[in-house]
Amino acid sequence: MPKEKAVSKATFAQAAPSPGKVPIVSSSHLAAGRSAELSEFEFGLIIASNAFNRWAVRCMSAAGMKDMTITDVLVLHHINHRAREKKLADIAFILNIEDTHIVNYSLKKLHSLGLVQTERRGKEVLYSTNEAGQALCKRYYEIREQVLVSGLTGDGTESFELSELARFLRVLSGLYDQAARSATSM
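Here the structure is a predicted model, which is why all the values come from computation and not from measurement. (Residues numbered from 1 in each chain as written. Predicted model: local features only at pLDDT ≥ 70, side-chain atom pairs only at ≥ 80, totals over all residues. Heavy atoms only, no water.)

Novice: Report on the packing of helix 2 (residues 36–62) against helix 3 (residues 70–80), specifying residues and quantitative values.
Specialist: Relative orientation of the contacting elements helix 2 and helix 3 amounts to 70°, with a least axis distance of 9 Å. Classified by the interaxial angle, the pair formed by helix 2 and helix 3 is roughly perpendicular. As for the relative orientation of helix 2 and helix 3, their crossing is left-handed in sense. Packed against helix 2, whose contacting residues are Phe52, Asn53, Ala56, Val57 and Met60, the element helix 3 presents Ile70, Val73, Leu74, Leu76 and His77 at the interface. (Axes fitted to C-alpha atoms, helices over the stretch in contact; angles between N-to-C directions. Helix = DSSP H or I, 4+ residues; strand = E, 2+ residues; numbered from the N terminus. Parallel < 35°, antiparallel > 145°, perpendicular 65-115°, else oblique. Left-handed = near helix turned anticlockwise from the far one by under 90°. Contact = heavy atoms within 4.5 Å.)

Novice: Describe the packing of aromatic side chains, and please don't skip the residues or the numbers.
Specialist: Applying the stated criterion to the full structure yields two aromatic pairs. With a centroid separation of 6.4 Å and 55° between ring planes, the pair formed by Trp55 and Tyr140 is classed as tilted. Residue Trp55 is located in helix 2, and its partner Tyr140 is located in helix 6 (residues 131–147); the two are separated by 85 residues in the primary sequence. Tyr140 shares its class with Trp55; the two are buried. (Phe/Tyr/Trp six-rings, centres within 6.5 Å; stacked < 30°, edge-to-face > 60°. Buried < 20%, exposed > 50% of the residue type's maximum accessible area, 1.4 Å probe, protein only.)

Novice: Please provide a residue-by-residue account of the sheet that holds strand 3 (residues 124–129), values included.
Specialist: An order of 1-3-2 is seen for the three strands of this open sheet, with the pairing classed as antiparallel. On the outer flanks of this sheet lie strand 1 (86–87) and strand 2 (116–121), each paired with one strand and no other. Contacts between helix 3 and the sheet are confined to strand 1, strand 2 and strand 3, with strand 3 contributing the most and set at about 90° to the helix. Docked against the sheet, helix 5 (residues 100–112) engages strand 2 and strand 3, running at close to 115° with respect to strand 2. (Pairing = 2+ DSSP bridges.)

Novice: Tell me about helix 6, and name the residues and values.
Specialist: The terminal C-alpha atoms of helix 6, which comprises 17 residues, lie 24 Å apart, in line with the 24 Å expected from a rise of 1.5 Å per residue. For helix 6, the set of buried residues is Gly133, Leu136, Cys137, Tyr140 and Ile143. Buried residues along helix 6 cover an arc of 125° about the axis, so they all sit on one side. Set apart from the buried face of helix 6 by more than 90 degrees, the exposed residues are Glu131, Lys138 and Gln146. (Expected span 1.5 Å × (residues − 1). Arc of directions from axis to C-beta.)

Below, the structure is given as structure tokens:
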């Protein structure tokens, strides 16, 4: 590993809070004891999630398709991913959406907007983007590059940190899913 990446990793992983720092949390009653840092992370996640959702919906609107929800945007991008047909259950699984009815509603909406096509194979319905859906995803990509990606520095350190953050979020996703299963059985 190059020395600069090793330093970046150490900086990213060991960024310690300054002494006397008061965590920014949405619910102080959840920040007691050992959970202060987790509560601070959760509040950051809430803020980031809402900002991402707002961004994706507005980017899609700028690309030419107004009145789409975040679920509609995510489902469309996933269907367009690798230009392969997708099943409802697989879309819900990949996006980690427990209620397939939510995904099904988006699929019907995307179909009625003329962005996806369906093909029935036996009992399965497969979804894929048509030319209009592919063009919309391409326009979204262009706007994303122009407005969002251009704001990134593009250096190796930033790329490494984003990759590490993505990995960490996937790990936490597993912990939250396990905790949800445990809470369900209580």
